[in-house]
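Letter by letter, the chains look like this.
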Amino acid sequence: MADSGNQSRRGFLSRATAVGSTMLLAGCYDLSQKPWVLSILGEVENLTRKAQRLFAGSHALAPEFSKADIAPSFRANGTLNPGTADYQAHVANAFRDWRVRVGGLVEHPLSLSLSDLRSLPSRTQITRHDCVEGWSCIGEWTGVQLSRVLAMAGVKPAARYVMFHCADAMGEGDDTLYYESLDLLEATHPQTLLAYELNGAPLPVQNGAPVRLRAERQLGYKMAKYIERIELVDDFRQVRGGKGGYWEDQGYAWYAGI
Ligand SMILES: Nc1nc2c(c(=O)[nH]1)N[C@H]1C(S)=C(S)[C@@H](COP(=O)(O)O)O[C@H]1N2
Ligand SMILES: [Mo]
């Protein structure tokens, strides 16, 4: 019983893969499935995380695809434009004044412009994005490995999680801004990127311009768009709803491994 969420998720994903392989030309595909994550209990989630890392290896790579698999247009979901005057000013200025701040439990707090991020070695990967709402899409992402940025900041030994604070509010006011978190293992995975390009062009507004997270072994909602601040913490129970992310606070699983 305790395992049923995970079982049905695995079933769902293998069906998703089967559907995907017949529709690769389209690149994106829809599946009329209900979200399964709401039913996954914290304990099961913890077991899932441990089991997946045991079987797959803690640094196992998510599958990467070829150029021919890329969807002609990458689907967008959730916030499609933060819409604030501040954000619109950044769009008008091609994000030249955008900064990603890195703080919390670090030795050297950072404030990185887009050109700072672009000056660092980059990684490009063609991966499949899986959303709990029942669709997937293949795209090519370019960005800097988060592990590099964390190494520059110098993560303090007490840090256990990386939190991502975004520019878009999900309701009224700043206390509804989208946020997410990863543990250090997922944050330092080689495919975890601060991505600034999609399919070889600057990230479109609808997909999280100017910088969004890619964490390719995780479900879509983990991949924060419109990142303004990265914070190293030892615990996230004091932050917002206490569950480590906007959707987690609404009941989704914190560990969203696929
Ligand atoms: N800041 C922010 N990040 C977000 C969201 C959002 O609404 N705001 N939606 C999440 C969800 S549910 C998904 S599936 C992906 C969608 O990314 P896309 O718009 O590039 O498809 O972004 C995730 N990251
Ligand atoms: Mo999603």
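For the structure, check the block above.
## Let's talk about the overall build of the protein
And step 1. Counting its regular elements, the protein contains seven helices and 11 strands.
And step 2. Counting all 258 residues of the protein, 51% fall into the buried class.
And step 3. Carbon and sulfur atoms make up 55% of the accessible area of the protein, which amounts to about 11,800 Å² in all.

## As for the site of ligand 1
And step 1. Not every one of the 22 residues close to ligand 1 is listed here, only the nearest: R75, N77, T79, D168 and K225.
And step 2. T79 places a polar main-chain atom, nitrogen or oxygen, 2.9 Å from an oxygen atom of ligand 1.
And step 3. When the free accessible area of ligand 1 is taken as 530 Å², the share hidden by the protein chains comes to 98%.
And step 4. Mapped onto the shell around ligand 1, the elements with two or more residues apiece are β4 (123–131) and β6 (161–169).
And step 5. Residues of the shell around ligand 1, tallied by class, amount to 11 nonpolar, seven polar and four charged.

## Topic: the environment of A60
And step 1. Inspection of the secondary structure assignment puts A60 in the loop between α2 (42–56) and α3 (85–92).
And step 2. Classification of A60 by relative accessible area gives partly exposed; the value is 25%.
And step 3. For the pair A60 and P190, spaced 130 residues apart in the sequence, the C-alpha separation amounts to 9.3 Å.

## Considering the pairing of β6
And step 1. Counting buried residues in β6 gives eight out of nine residues, a clear majority hidden from the surface.
And step 2. Alignment of β6 against strand β7 (residues 177–183), held across six bridges, turns out to be antiparallel. Pairing of H165 across the sheet is with Y179, part of β7.
And step 3. With six bridges joining them, β6 and strand β11 (residues 227–233) adopt antiparallel strand pairing. Within the sheet, the bridge partner assigned to Y161 lies in β11 and is V233.

## Overview of the pattern of salt bridges
And step 1. Here the structure, examined in full by the defined rule, presents 10 salt bridges.
And step 2. Close ionic contact of R118 with E197 constitutes a salt bridge, the shortest N to O distance being 2.9 Å. Here R118, found in helix α4 (residues 114–119), pairs with E197, found in strand β8 (residues 192–198); they are 79 residues apart in sequence, far enough to count as distant.
And step 3. Residues participating in the shared-partner salt-bridge network are E180, K222 and E248.

## Some remarks on helix α5 (residues 146–153)
And step 1. All buried positions along α5 are accounted for by L146, V149, L150 and A153. Seen from one end, α5 has its buried residues packed into an arc of 100 degrees, which puts them on one side.
And step 2. Positive backbone phi, approximately 75 degrees, marks G154, located one or two places after α5.

## So, the environment of R229
And step 1. With respect to the helices and strands, the residue R229 is situated in strand β11.
And step 2. As for R229 and R101, which are separated by 128 residues in sequence, their C-alpha atoms are 4.7 Å apart.
And step 3. Beyond its immediate chain neighbours, meaning those up to four positions away, R229 contacts R101, M163, F164 and H165.

Procedures and definitions
Each chain has its residues counted from 1, running along the sequence as written. The naming scheme follows written order: chains are lettered A onward, ligands numbered 1 onward. Given that this is a predicted model, residues contribute local features only at a pLDDT of at least 70 and side-chain atom pairs are listed and counted only at 80 or more, while totals for whole chains, interfaces and linings are drawn from all residues. Hydrogens and waters are ignored; side-chain quantities use all the structure's heavy atoms. Put simply, DSSP H or I for four residues or longer makes a helix, DSSP E for two residues or longer makes a strand, and each gets a number counted from the N terminus. Remark: exposure states derive from per-residue accessible area (1.4 Å probe, protein chains only) relative to the maximum for the residue type, with buried under 20%, exposed over 50%, and partly exposed in between. The method behind every accessible area is Shrake-Rupley, applied with a 1.4 Å probe, and residues are considered shielded solely by the protein chains displayed. Residue proximity to a molecule or strand is established when one non-hydrogen atom of the residue lies within 4 Å of it. Pairing of N or O atoms within 3.5 Å defines a polar contact, subject to two protein rules: one partner must be a possible hydrogen donor and the other a possible acceptor, and residues neighboring in sequence count only if both atoms are side-chain atoms. Residues are sorted three ways: Asp, Glu, Lys and Arg are charged, Ala, Val, Leu, Ile, Met, Phe, Trp, Tyr, Cys and Pro are nonpolar, and all the rest, Gly among them, are polar. Each pair of strands is called paired provided DSSP finds at least two bridges between the two strands. We define a salt bridge as a contact between a side-chain nitrogen of Lys or Arg and a carboxyl oxygen of Asp or Glu at a distance within 4 Å. The arc under discussion is defined with respect to the helix axis, by the directions toward the C-beta atoms. Only heavy atoms matter for contacts: two residues are in contact if any of them lie within 4.5 Å across the pair.

By themselves these figures say nothing about function.
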